[in-house]
Amino acid sequence: MPFPITNQVQTAQQTPKHYGITSPISLVLPKDSDLALTQKLTDALKPFGVFEEELELQRRILVLGKLNTLVKEWIREISESKNIPASLIDNVGGKIFTFGSYRLGVHTKGADIDALCVAPRHVERSDFFTSFYDKLKEQEEVKDLRAVEEAFVPVIKLSFDGIEIDILFARLALQTIPENLDLRDDSLLKNLDIRCIRSLNGCRVTDEILHLVPNIENFRLTLRAIKLWAKRHNIYSNILGFLGGVSWAMLVARTCQLYPNAVASTLVHKFFLVFSKWEWPNPVLLKQPEDCNLNLPVWDPRVTPSDRYHLMPIITPAYPQQNSTYNVSVSTRNIMVEEFKQGLAITDEILLNKADWSKLFEAPNFFQKYKHYIVLLASAPTEKQHLEWVGLVESKIRILVGNLEKNEFITLAHVNPQSFPGPKEGSDKEEFSTMWVIGIDFKKMEGSEHLNVDLTFDIQSFTDTVYRQAITSKMFEPDMKITVMHVKRKQLHQLLPDLVILKRRKHSTEGLRGMNDSSVDLSLDSDNSMSMPSPTGTSSSTVAKSGHSTSPHGCTATSASTESQGKTDSSGGTAPVGAQGTTSNSTSSPPLLGPPAGKRPGSSLQAEKDKKLKVEEESTSEVKATVQKEEQAPVESEQAPVEGEVKMETEMTELGAEEKPQAQKIASADLSDVPLLPANPIPVLKNSIKLRLSR
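The residue numbering used here restarts from 1 in each chain and proceeds along that chain's sequence as written. The predicted nature of this model means local features are confined to residues of pLDDT at least 70 and side-chain atom pairs, given and counted, to a pLDDT of 80 or more, with totals for whole chains, interfaces and linings taken over all residues. Processing note: side-chain calculations cover all non-hydrogen atoms of the structure and skip hydrogens and water entirely.

*Asks:* What is the right way to read the overall build of the protein from this model?
*Replies:* Per the secondary structure count, the protein includes 16 helices and 15 strands. Exposure categories follow from relative accessible area, calculated using a 1.4 Å probe and restricted to protein chains: below 20% of the type maximum is buried, above 50% is exposed, and the middle band is partly exposed. For the protein, the proportion of its 695 residues judged to be buried stands at 59%. Two residues qualify as a contact provided that any one of their heavy atoms is within 4.5 Å of a heavy atom in the partner residue. The contacts in the protein between residues at least 6 apart in sequence include a share of 79% that link residues at least 24 apart. Calculation of accessible area relied on Shrake-Rupley with a 1.4 Å probe; when residues are assessed, cover is drawn exclusively from the protein chains displayed. When the accessible area of the protein is evaluated, it comes to approximately 28,600 Å², of which 51% is carbon and sulfur surface. Numbering goes from the N terminus for both helices and strands, where a helix is a DSSP run of H or I of at least four residues and a strand is a run of E of at least two.

Quick look at the structure:
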């Protein structure tokens, strides 16, 4: 049955010898204290809205029933139009299957539903995106209907009676679709096109997971706890290089296999125990991979060289097996492993009755965790362009993180998966923008007074990649922009909504609940990418699901900023950019810059030391940034009237500044007060961020 009933208590299953690829670690049965702790865990989860009311659950089932009826009616109409024999039409079938968090039974309040429409062989994909789309459009309960036919996994998105639903399509090589069809049957994949196989993969993986755990109810409660913990700790996002919903589900499922008789309170503790000590990159497998001889690409480092470089492989259990964590980087893996260790320490305390479960779900203050941050701003002139632009930029942020972590002076780059609404410009021109924040850890250098770090190449190669793909996919519009800024911890309050920073400082359940209501959407289960990876493709579903904070607060100016616009020449190609440059205040078209210098990003800039302003006091932080509107007063910046190229230098100390330059003492203002570069028919702009770190 595709619709899970989460309120029914599953009867105890007879535990076989073992689940998974190894014997269990422990078969110990739960004690009364374990059951009591599990009840406390359930009570601790309730304030975060992870459980849906029975009435709302029944409403979802009703909506899916209506959708299933529509599918059957549509397939019958298509069959009649294609002169299918009447004897077959009566039994032609067609069915809606669900997958993802809803199918697993762990969806939260207000979460969307991932669905799959399965049709017989005479129904074409083009029919799905034409006649079925038109049929949906006729339904009065259907709102916000849109088709994304060119996506990596083609999808129809809609709101049915207020419930968001994403519908994929798969056409099977069958005359009819029986009601009891089991999509786990590998023979169904024969003679299917790759898009149908990708669409089927989500359901097949979800169903396999549910068949590979000893006790589904224990699995569900544990997974709810782990997903909430991951979201609270900013490590829930497949697209940004952390783990998405299916990956967390597989880790929890593996824990259940290793402790088949344990209840949720024990399983949460064992989860942290197992994966804080896991020897990555050894893969996590729920079952031995099977070869169906269908010549589909599967994850196999013995055969595929690129698979050997995956850092945290978690392998889907359904053929064709794939690594669901191909986006994980060195930084994101280190961050997650550290979080596993902290989770283990907290659950140790909980099991000893030294702490409550609420401590596990306290959100750490991301905005106090690092001394230095990179702020990324993506903006576009219309809402539609903004959605597309944000989807593309977000899908490439992991490239920026990868560039930064390869810098010899950076030990860690941590992107916050929660995006924020960008600040408004002062001009009358309407603009939509979204902002991400990346925490940076620099290496502690011994025996040197100052360290010069150049992030120009790291950032410029990222923006070049984004613009290149936007131009190639014919999505680029002249006013689509990327702004990259360096901000110190003490200056973040000027850029981010006060509500977010203030509430994240509180380590109390009330404060966290307040933040949950206002800022962080815990209902978004954005990991639908259970299909084969597309490291270079842009999924339109990603665009539609890109996170937006609901905080209405405005933002204020930051210490230093550069803005990157589209880099196109008259023929539509990508303009070369330089690795270094100087500032221009001219409002005319910027000149084309030279090719990048062949300097290792992050290398010490000894040759440029004499060009830099000296820091008057070790405790003083000075920021120099380009500005273009001379009539506007710069916020925490100074004009550098040098003609030619564009440059931003930041000189700073790691210590907190007791004294500030006069420019930094200007009262906070909206980011509209920060001068912006003018639009150009051929916008060519250079991002340059250079830091001088003092011990």
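*Asks:* Just to check I follow, could you spell out the pairing of strand E1 (residues 95-99) for this structure?
*Replies:* The two faces of the sheet receive side chains in turn, since in a regular strand these alternate between them. Buried residues dominate E1, accounting for 5 of its 5 residues. On E1, burial covers both faces: Lys95, Phe97 and Phe99 on one face and Ile96 and Thr98 on the other are all buried. DSSP calls a pair of strands paired once it identifies at least 2 bridges connecting them. Taken together, the 5 bridges between E1 and strand E2 (residues 113-119) define a ladder with antiparallel strand orientation. Bridge pairing in E2 places Thr98 opposite Ala115.

*Asks:* Is there a simple way to explain unusual backbone geometry in this structure?
*Replies:* Most of the time, phi is negative for any residue but glycine, and the peptide bond is trans. With an omega of 10 degrees, the peptide bond running from Trp280 to Pro281 counts as cis. Structurally, the position occupied by Pro281 is in the loop between helix H9 (264-276) and helix H10 (330-351). Cis peptide bonds are those with omega within 30 degrees of zero, and the linkage from Tyr319 to Pro320 qualifies with -5 degrees. Structurally, the position occupied by Pro320 is in the loop between H9 and H10. Phi at Asn83 takes a positive value of approximately 60 degrees, unusual for a residue other than glycine. Looking at the secondary structure, you find Asn83 in the loop between helix H2 (54-81) and helix H3 (86-89). Judged by its relative accessible area of 68%, Asn83 is exposed.

*Asks:* Quick question: what am I supposed to make of the sheet that holds strand E4 (residues 155-160) here?
*Replies:* Sheets are built from strands that pair by backbone hydrogen bonding, the pairs being arranged parallel or antiparallel. Pairing in this open sheet of 5 strands is mixed, and the strands run E1-E2-E5-E4-E3 from one edge to the other. Edge positions in the sheet fall to E1 and strand E3 (142-148), since each has one partner strand and no second. Strand-to-strand twist in this sheet, taken as the mean axis angle between neighbours without regard to direction, amounts to 25 degrees. Structural elements are reduced to axes, namely lines fitted to C-alpha atoms, with helices fitted over the stretch in contact, and the angle between N-to-C directions of any two is expressed from 0 to 180 degrees. In this fold helix H6 (residues 194-211) packs onto E1, E2 and strand E5 (163-171), with an angle of close to 120 degrees to the strand it touches most, E5.

*Asks:* For this particular structure, what's the right way to read the packing of H2 against helix H5 (residues 125-138)?
*Replies:* Geometry of a packed helix pair, given as the angle between the helix axes and the separation of the axes. With their axes 11 Å apart at the nearest point, H2 and H5 run at an angle of 125 degrees to one another. Judged on the interaxial angle alone, H5 and H2 are oblique. Of the two possible hands of crossing, H2 and H5 adopt the one that is right-handed. On the side of H2, the interface is formed by Leu67, Leu70, Val71, Glu73, Trp74, Glu77 and Ile78, while H5 contributes Asp127, Phe128, Ser131, Phe132, Lys135 and Leu136. Residues are sorted three ways: Asp, Glu, Lys and Arg are charged, Ala, Val, Leu, Ile, Met, Phe, Trp, Tyr, Cys and Pro are nonpolar, and all the rest, Gly among them, are polar. Its residues assigned to classes, the contact of H2 with H5 comprises 8 nonpolar, 1 polar and 4 charged. For classification, angles of less than 35 degrees are called roughly parallel, those exceeding 145 degrees roughly antiparallel, those between 65 and 115 degrees roughly perpendicular, and all remaining angles oblique. Throughout, a crossing is termed right-handed when the near helix is turned clockwise from the far one, and left-handed when it is turned anticlockwise from it by less than a right angle.

*Asks:* Looking at this structure, I do not really get the pairing of strand E7 (residues 410-415). What am I missing?
*Replies:* For E7, the buried fraction is high: 5 of the 6 residues fall into the buried class. For E7 and strand E9 (residues 432-442), the ladder comprises 5 bridges, and the chain directions are antiparallel. Bridged to Leu412 within E9 is Asp441.

*Asks:* Would you take a moment to explain the side chain of Glu339 for this structure?
*Replies:* Looking at the secondary structure, you find Glu339 in helix H10. Accessibility expressed as a relative area gives 3% for Glu339, which makes it buried. Once you skip the residues sitting within four places of it in the chain, Glu339 turns out to touch Trp229, His233, Ile235 and Lys369.

*Asks:* I keep staring at the pattern of salt bridges and nothing clicks. Help me out?
*Replies:* Oppositely charged side chains can form a pair if their charged atoms are brought close together. Note on definitions: salt bridges are taken to be side-chain nitrogens of Lys or Arg within 4 Å of carboxyl oxygens of Asp or Glu. According to the stated counting rule, one finds 24 salt bridges in the structure shown. When the shortest N-O distance is used, the salt bridge between Asp127 and Lys82 registers 2.8 Å. With a gap of 45 residues between them, Asp127 in helix H5 and Lys82 in the loop between H2 and H3 connect regions that are remote in the sequence. Relative accessible area serves as the criterion here: at 13%, Asp127 is assigned to the buried category. Beyond isolated ion pairs, a larger network of salt bridges with shared partners links Glu56, Arg59 and Asp161.

*Asks:* I tried to follow the nonpolar core on my own but got confused; where do I start?
*Replies:* Grouped burial of nonpolar side chains is what soluble globular proteins tend to show. Take the buried Ala, Val, Leu, Ile, Met, Phe, Trp, Tyr and Cys residues and link them wherever side-chain atoms come within 4.5 Å; each set so joined is a nonpolar core. One finds Phe219, Trp229, Trp248, Phe361 and Trp389 to be the most contacted residues of the largest nonpolar core, which totals 112 residues. Once you skip the residues sitting within four places of it in the chain, Trp248 turns out to touch Leu223, Ile226, Lys227, Trp229, Ala230, Ile235, Tyr236, Leu243, Phe271 and Phe340. Ile96, Ile156, Ile163 and Ile165 belong to the second-largest nonpolar core, a separate cluster that totals 32 residues.

*Asks:* Would you mind going over the environment of Ser473 with me for this structure?
*Replies:* Topologically, Ser473 is positioned in the loop between helix H13 (456-472) and strand E11 (481-488). A relative accessible area of 44% means that Ser473 is categorised as partly exposed. Of the polar contacts made by the side chain of Ser473, one reaches the backbone oxygen of Gln469; its length is 2.8 Å. Here a polar contact is recorded for every N or O atom pair within 3.5 Å, except that within protein the pair must consist of a potential hydrogen donor and a potential acceptor, and residues adjacent in sequence are included only if both atoms are side-chain atoms. Engagement of the side chain of Ser473 in a polar contact is seen with the backbone oxygen of Ala470, the distance being 3.3 Å.

*Asks:* Would you take a moment to explain the confidence of the model for the protein for this structure?
*Replies:* In regions of low pLDDT, the predicted coordinates are not meant to be interpreted in detail. A residue's pLDDT is the predictor's confidence in that residue, given on a scale from 0 to 100. When pLDDT is averaged along the protein, the result is 74, and 68% of the positions lie at 70 or above. The model gives residues 1-15 a pLDDT under 50, and that stretch makes 35 contacts with residues more than four places away or in other chains. Contacts for the low-pLDDT stretch residues 504-686, under 50 throughout, to residues beyond four places or in other chains number 466 contacts.

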